[in-house]
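# Examination of the molecular architecture
Letter by letter, the chains look like this.
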Amino acid sequence: MPTATDWTLALAVATTLGCALVAGVFFAFSNFVMGALARLPDAQGAAAMRSINVVVLNPGFLGLFLGTAAGCAGLAVVAFVTRTEPGAGALAAGSALYLAGCLGVTMACNVPRNERLARTEPASATEARAWREDLRGWTRWNHVRTAASLAAALSFALAAWQRAAAA
């Protein structure tokens, strides 16, 4: 029968992988997707981004993105309950990094820009202005999400190692 420690370790490993996968998706956007869209004429770049913003709302990505957030919330509870045990600090740090730096930044910074772009008239001056602003602002905040997700993955890996070493 698996123990609470076994379940915590399994959740930490799964959440580590989720954070790393999300970091990889965001890294791809920061590294080359947004750059490729920036090379297109404004109307085409904006249309492509609109399409991405619709297609990304699928069970695979949302399951990964929100499932990882749920894992982080669970590990935050574990960190609190086991705060005197090895790895608790790293669990708390990883949870805070992902929940604030990835999920929080997404909701506060990236989603509003996506929604603003979606409300603009296609191929208009307003759309071109919003698109150019999004290229800078959206990408800047995406760098934050990338770094936070990767740092969270590293924190969870450290916590799993600390707990395994203490067992």
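Values in this document were obtained by computation on a predicted structure and should not be read as measured data.

Turning our eyes to something else, we now look at the pattern of salt bridges. Per the stated rule, a full pass over the model turns up five salt bridges. A salt bridge links E85 to R163, with the shortest nitrogen-to-oxygen separation between them at 3.7 Å. Of the two residues, E85 is situated in the loop between helix 3 (59–81) and helix 4 (88–119) and R163 in helix 5 (residues 125–166); the sequence distance between them amounts to 78 residues. Exposure remark for E85: the relative accessible area of 40% places this residue in the partly exposed category. Close ionic contact of R116 with E133 constitutes a salt bridge, the shortest N to O distance being 3.1 Å. Residue R116 is located in helix 4, and its partner E133 is located in helix 5; the two are separated by 17 residues in the primary sequence.

Close contact between helix 3 and helix 4 brings their axes to 8 Å; oriented N to C, the two are set at 145 degrees. When you trace helix 3 past helix 4, the crossing you get is left-handed. Two secondary-structure elements touch here, helix 3 through L64, F65, L66, T68, A69, C72, A73, L75, A76, V78 and A79 and helix 4 through A88, L91, A92, S95, Y98, L99, C102, L103 and T106. Split by residue class, the contact of helix 3 with helix 4 holds 17 nonpolar, three polar and no charged.

Criteria and thresholds
- Residues numbered from 1 in each chain as written.
- Predicted model: local features only at pLDDT ≥ 70, side-chain atom pairs only at ≥ 80, totals over all residues.
- Heavy atoms only, no water.
- Salt bridge = Lys/Arg side-chain N within 4 Å of Asp/Glu carboxyl O.
- Helix = DSSP H or I, 4+ residues; strand = E, 2+ residues; numbered from the N terminus.
- Buried < 20%, exposed > 50% of the residue type's maximum accessible area, 1.4 Å probe, protein only.
- Axes fitted to C-alpha atoms, helices over the stretch in contact; angles between N-to-C directions.
- Left-handed = near helix turned anticlockwise from the far one by under 90°.
- Contact = heavy atoms within 4.5 Å.
- Nonpolar A, V, L, I, M, F, W, Y, C, P; charged D, E, K, R; others polar.

Shape descriptors only; they carry no functional weight alone.
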